[in-house]
Amino acid sequence: METELRDYPLTSTIIKLKTGRVQLTLIKEPDWFLEQLSREDNEGKLYLPYWTYLWESSIALARHVEQLSTHLKNTDVLEIGCGFGLTGIVACRIGARVVFTDIERDALHFAYHNAEQNGVNQHADFVQMDWNTPCFNRKFRYILAADVIYEEHHWEPILMLLQNCLAPNGVALFSEPNRNNAVGFFKRLKTNGFTYQKSTDPVTLDKQTSQVSIYTIRRAKA
Ligand SMILES: C[S@@+](CC[C@H](N)C(=O)[O-])C[C@H]1O[C@@H](n2cnc3c(N)ncnc32)[C@H](O)[C@@H]1O
């Protein structure tokens, strides 16, 4: 794990939460790496490796998750698009067993390292997974997703993943910084048999404050 982290200039930050501090190792110059690691897919579509940033949505979701300790204790949790792993680390800390997933192997290396330095890697698995081709044939009581619906072509595979991997009485917690282009995802949630409640949390990151929405998503009752 550590070898891959050494490929990057590193910095660290502390996220202060009600349940304690989370120390995160991050990439020092994410803008430069975003350019370096961007590539075109088979259809000529530009792919940008957004995992190189810590997003305010993960802070808002971590704050939300830490309030759910009675629900998450001893519960199987899947995190998709985990990036540096903040949200899943907080879920582990309150007693959940978390499977961290991301399409990017290096993101998982950072998530593992961050889980380890916060003493929770024993309660976790780290799986490289593209949500277009989920590799689980089991269901999770909770699914966590911070800032993953920013492109429309993500929506359908993520909806399928919710259909297939969320337990019948399960809860998916999504966070999202109120991007205009995300509205359509929540409309599609409703037409795909889900219902949701929304709350908002202001998050300050890099001296900028933004409103992040948290969505608590369940299957609609028949
Ligand atoms: C905007 S970042 C959010 C990262 C982290 N959740 C946070 O909020 O800081 C989106 C994340 O989704 C991951 N991702 C993008 N496409 C993916 C896919 N097809 N399958 C799984 N993960 C994907 C990226 O690698 C990245 O870590």
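The following paragraphs examine the structure supplied in this document. Quick caveat, the model's predicted, so the values are computed rather than measured.

Turning to its location among the elements, F100 is positioned in strand β6 (residues 97–102). Taking the C-alpha atoms as reference, F100 lies 6.7 Å from G88; in sequence the two are twelve residues apart. With near-sequence residues (within four places) excluded, F100 lies in contact with E79, C82, G85, G88, I89, C92, L108, A111, A124, D125, F126 and V127.

The subject of this paragraph is the site of the ligand. Neighbouring the ligand are 18 residues, the closest being G81, D102, D130, W131 and A146. A distance of 3.5 Å is found between an oxygen atom of the ligand and a side-chain nitrogen or oxygen belonging to S58. Here I103 contributes a backbone N or O atom positioned 3.2 Å from a nitrogen atom of the ligand. Contact with the protein chains covers 97% of the free accessible surface of the ligand, which is 590 Å². Across the shell around the ligand, the residue classes break down as ten nonpolar, four polar and four charged.

Before going further, it helps to spend a moment on helix α5 (residues 86–93). Burial of α5 is extensive: seven of the eight residues sit out of reach of the surface. Within the span of α5, buried status applies to L86, T87, G88, I89, V90, A91 and C92.

Between helix α3 (residues 56–66) and α5, whose axes approach to 8 Å, the crossing angle comes to 10 degrees. With respect to each other, α3 and α5 are oriented roughly parallel. The hand of the α3/α5 crossing is right-handed. Here α3 contributes S58, I59, L61, A62, V65 and E66 to the contact with α5, which in turn contributes L86, T87, V90 and A91.

Once that is clear, we can look at the packing of aromatic side chains. Evaluated as defined, the whole model comprises 19 aromatic pairs. Judged by centre distance (5.4 Å) and plane angle (75 degrees), the ring pair of Y196 and Y215 falls under edge-to-face. With Y196 in strand β10 (residues 194–205) and Y215 in strand β11 (residues 208–219), this residue pair connects regions lying 19 residues apart in the sequence. A residue is classified by how much of its surface remains accessible, and Y196, at 25% relative accessible area, is partly exposed. Among the residues examined, Y215 registers a relative accessible area of 5% and is labelled buried. Put simply, the rings of Y8, W32, F33, W51, F84 and F110 touch in pairs and so form one group of aromatic residues.

On the secondary structure map, Y142 appears in strand β8 (residues 140–146). A relative accessible area of 5% means that Y142 is categorised as buried. The residues touching Y142, leaving out its near neighbours within four places in the chain, are L68, H71, L72, T75, D76, V77, L78, V171 and L173.

Here the structure, examined in full by the defined rule, presents nine salt bridges. Between K45 and E151 there is a salt bridge, with the nearest N and O atoms lying 4.0 Å from each other. A residue pair is termed long-range when its members are at least 10 positions apart, and K45 in the loop between β3 (39–40) and β4 (46–47) and E151 in the loop between β8 and α7 (152–165) qualify at 106 residues. Look at K45 and you get partly exposed, because its relative accessible area is 36%. A salt bridge links R97 to D76; the nearest nitrogen and oxygen atoms lie 2.8 Å apart. In this pair, R97 sits in strand β6 while D76 sits in strand β5 (residues 76–80), placing the two residues 21 residues apart along the sequence. Beyond isolated ion pairs, a larger network of salt bridges with shared partners links D76, R97 and R138.

Relative to the helices and strands, N121 is located in the loop between α6 (105–117) and β7 (124–128). A relative accessible area of 13% means that N121 is categorised as buried.

Next up on the list: the pairing of β8. For a regular strand, side-chain orientation follows a simple rule: the groups alternate between the two sheet faces. In terms of burial, β8 is a largely internal element, six of the seven residues being buried. The sheet contact formed by β5 and β8 spans four bridges and is parallel. Bridge pairing in β8 places E79 opposite L144. Pairing of β8 with strand β9 (residues 166–176) involves six bridges; the strand directions are parallel. The residue bridging L144 from the neighbouring strand is L173, located in β9. Regarding topology, α7 serves as the crossover connection from β8 to the parallel β9, and that connection is right-handed.

Rules of the game
Residues numbered from 1 in each chain as written. Predicted model: local features only at pLDDT ≥ 70, side-chain atom pairs only at ≥ 80, totals over all residues. Heavy atoms only, no water. Helix = DSSP H or I, 4+ residues; strand = E, 2+ residues; numbered from the N terminus. Contact = heavy atoms within 4.5 Å. Near = heavy atom within 4 Å. Polar contact = N/O pair within 3.5 Å; in protein donor to acceptor, adjacent residues only side chain to side chain. Areas by Shrake-Rupley, 256 points an atom, 1.4 Å probe, with all protein chains shown as cover. Nonpolar A, V, L, I, M, F, W, Y, C, P; charged D, E, K, R; others polar. Buried < 20%, exposed > 50% of the residue type's maximum accessible area, 1.4 Å probe, protein only. Axes fitted to C-alpha atoms, helices over the stretch in contact; angles between N-to-C directions. Parallel < 35°, antiparallel > 145°, perpendicular 65-115°, else oblique. Left-handed = near helix turned anticlockwise from the far one by under 90°. Phe/Tyr/Trp six-rings, centres within 6.5 Å; stacked < 30°, edge-to-face > 60°. Salt bridge = Lys/Arg side-chain N within 4 Å of Asp/Glu carboxyl O. Pairing = 2+ DSSP bridges. Right-handed = clockwise from strand over helix to strand, strands pointing away.

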